[in-house]
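A look at the structure
The primary structure of each chain is shown beneath.
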Amino acid sequence: MIPVLDEAYRGKAVLLTGGTGFLGTALVEKMLRSLPSLGRLYLLVRPSREKSAKERFEKDVLGSDAFARLREKLGSSFEERVAQKVRILEGDVHADSLGLGEEDLAELSRAVDAVIHSAASVIFDAPLDAAMDSNVRGTLGLLALARGWEKKPLFMHVSTSYVAGAKKGLVPEEAPDAFSPSGTRLDPKGEVEHLEGIVRGVEEASRERDLMRRFTTEARRELGMVGEETEVAERVEKLRRAWARERLVERGNERAQELGWQDVYTFTKSL
């Protein structure tokens, strides 16, 4: 425990996103072990198809080997410490107002002193729209929400060193200037609008008549004569989405590399 740090967090409340991830899990353990005076740790956790938010926390986070040291230190009082300090909020950083109800939002507004935004899509070849939703819109949406809270909490965005892009030599750890790693002048807001236009263009292209006719032919060939119209329509939609996803992966990485980033992950994290 670092006494100065523990004192700084005495009675404070922190909202953490991405707590079920690799870095987030380590951070949860570190805060519970090194900051005994911490008032409350709010964890925004998205449920999966198989698990509720609470189950994900208990199995994916507390079940991690990262907590072996803390479990040994606290012994039988481990569960009590967790219950006392941690509150799980079932929500989604991509959703409006984090997908939370009015009571939860009001509590966060009154209580939260600091936000640590660690949630992100770390898939290097994610479709452009998915990477944008997670790494750009999710971040900006949470920041805008926190700015309206009563305590005006401190806001920390967890990034990655690879946002520097494909550069040689010494790369100082400082805020990016007006240029991309390739030397292209870049307006982040304008770039977001440009990327949104690419996503819209791919979506529109995926619904063009000739392409939809091709999807329909392929669906009928796969399903044969026994295929019901609803089944054909469902298969056509799956083929259309797969086509669009493939194009969005290509377009995202093409734009990233054009501007000097390795992939859509580092590109959108930098934005």
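Let me begin by describing the structure that accompanies this report. (Residues numbered from 1 in each chain as written. Predicted model: local features only at pLDDT ≥ 70, side-chain atom pairs only at ≥ 80, totals over all residues. Heavy atoms only, no water.)

Okay, the packing of helix 7 (residues 128-147) against helix 8 (residues 188-206) next. Packing of helix 7 against helix 8 leaves a shortest axis separation of 10 Å and a crossing angle of 150°. Considering the angle they form, helix 7 stands roughly antiparallel to helix 8. As for the relative orientation of helix 7 and helix 8, their crossing is left-handed in sense. The residues of helix 8 that touch helix 7, namely those facing Leu128, Asp129, Met132, Val136 and Arg137, are Val192, Leu195, Glu196, Ile198 and Val199. For the contact of helix 7 with helix 8, the residue count by class is seven nonpolar, no polar and three charged. (Axes fitted to C-alpha atoms, helices over the stretch in contact; angles between N-to-C directions. Helix = DSSP H or I, 4+ residues; strand = E, 2+ residues; numbered from the N terminus. Parallel < 35°, antiparallel > 145°, perpendicular 65-115°, else oblique. Left-handed = near helix turned anticlockwise from the far one by under 90°. Contact = heavy atoms within 4.5 Å. Nonpolar A, V, L, I, M, F, W, Y, C, P; charged D, E, K, R; others polar.)

By secondary structure assignment, the location of Arg33 is in helix 2 (residues 22-34). Polar contacts involving the side chain of Arg33 include one to the side chain of Glu29, which spans 2.7 Å. Residue contacts for Arg33: discarding those within four places in its chain leaves Arg69, Leu70 and Lys73. (Polar contact = N/O pair within 3.5 Å; in protein donor to acceptor, adjacent residues only side chain to side chain.)

For helix 2, built from 13 residues, the straight-helix expectation of 18 Å at 1.5 Å per residue is met to within 8% by its first-to-last C-alpha distance of 18 Å. Considered for burial, the residues of helix 2 that qualify are Gly24, Thr25, Val28, Glu29, Met31, Leu32, Arg33 and Ser34. (Expected span 1.5 Å × (residues − 1). Buried < 20%, exposed > 50% of the residue type's maximum accessible area, 1.4 Å probe, protein only.)

Counted under the stated rule, the structure contains 22 salt bridges. Of the charged contacts, one joins Arg46 and Asp92 as a salt bridge, the two residues approaching to 3.9 Å between their closest N and O atoms. Separated by 46 residues along the polypeptide, Arg46 in the loop between strand 2 (40-45) and helix 3 (53-61) and Asp92 in the loop between strand 3 (86-90) and helix 6 (102-111) bring together distant segments of the chain. Here Arg240 and Glu203 are joined by a salt bridge, their closest N and O atoms 3.1 Å apart. Of the two residues, Arg240 is situated in helix 10 (residues 229-258) and Glu203 in helix 8; the sequence distance between them amounts to 37 residues. (Salt bridge = Lys/Arg side-chain N within 4 Å of Asp/Glu carboxyl O.)

What follows covers the packing of aromatic side chains. According to the stated counting rule, one finds three aromatic pairs in the structure shown. Between Phe67 and Phe78, the ring centres sit 6.3 Å apart and the planes meet at 75°, which makes this aromatic pair edge-to-face. One end of the pair, Phe67, is in the loop between helix 3 and helix 4 (68-74); the other, Phe78, is in helix 5 (residues 78-85), and 11 residues separate them in sequence. Here the aromatic rings of Phe124 and Tyr265 are separated by 5.6 Å at their centres, their planes lie at 40°, and the arrangement is tilted. Residue Phe124 is found in the loop between strand 4 (114-117) and helix 7, and its partner Tyr265 is found in helix 11 (residues 264-270); the two are separated by 141 residues along the sequence. In this structure Tyr265 comes out as buried when scored by relative accessible area, which is 10%. (Phe/Tyr/Trp six-rings, centres within 6.5 Å; stacked < 30°, edge-to-face > 60°.)

Moving on: the nonpolar core. Leu128 and Trp243 are the most contacted members of the largest nonpolar core, which totals 26 residues. Broken down by secondary-structure element, the contributors of at least two residues to this core are helix 7, helix 8, helix 9 (209-223), helix 10 and helix 11. Examining the composition of this core, we find that seven residues originate from one element, helix 10, more than from any other. When residues no more than four places from it in sequence are discounted, the contact partners of Leu128 are Leu195, Ile198, Val199, Leu248, Val249, Gly252 and Val264. Judged by nonpolar contacts, the second largest core, of 23 residues, contains Leu16, Leu35, Phe78 and Ile116. (Core = buried A, V, L, I, M, F, W, Y, C linked by side-chain atoms within 4.5 Å.)

A separate point is the packing of helix 9 against helix 10. For any two helices packed against each other, the geometry comes down to the angle between their axes and how far apart the axes lie. Packing of helix 9 against helix 10 leaves a shortest axis separation of 8 Å and a crossing angle of 125°. As the angle between them shows, helix 9 and helix 10 are arranged oblique. Classified by chirality, the crossing of helix 10 by helix 9 is right-handed. In this structure, helix 9 uses Leu211, Met212, Arg214, Phe215, Thr216, Glu218, Ala219, Arg220, Glu222 and Leu223 to contact helix 10, whose residues at the interface are Glu229, Glu231, Val232, Arg235, Val236, Leu239, Arg240 and Trp243. Within the contact of helix 9 with helix 10, the residues separate by chemical class into nine nonpolar, one polar and eight charged.

The two faces of the sheet receive side chains in turn, since in a regular strand these alternate between them. The buried fraction of strand 1 (residues 13-17) amounts to five of the five residues, a majority that puts the element mostly inside the structure. Side-chain alternation along strand 1 places Ala13, Leu15 and Thr17 on one buried face and Val14 and Leu16 on a second face that is also buried. Taken together, the five bridges between strand 1 and strand 2 define a ladder with parallel strand orientation. Looking across to strand 2, one finds that Leu16 is bridged to Leu43. Between the parallel pair strand 1 and strand 2, the chain is carried across by helix 2, and the sense of this crossover is right-handed. Two elements, strand 1 and strand 4, share four bridges in a ladder whose sense is parallel. Each bridged residue has a counterpart across the sheet, and for Leu16 the counterpart in strand 4 is Ile116. (Pairing = 2+ DSSP bridges. Right-handed = clockwise from strand over helix to strand, strands pointing away.)

Structural measurements only, silent on function.
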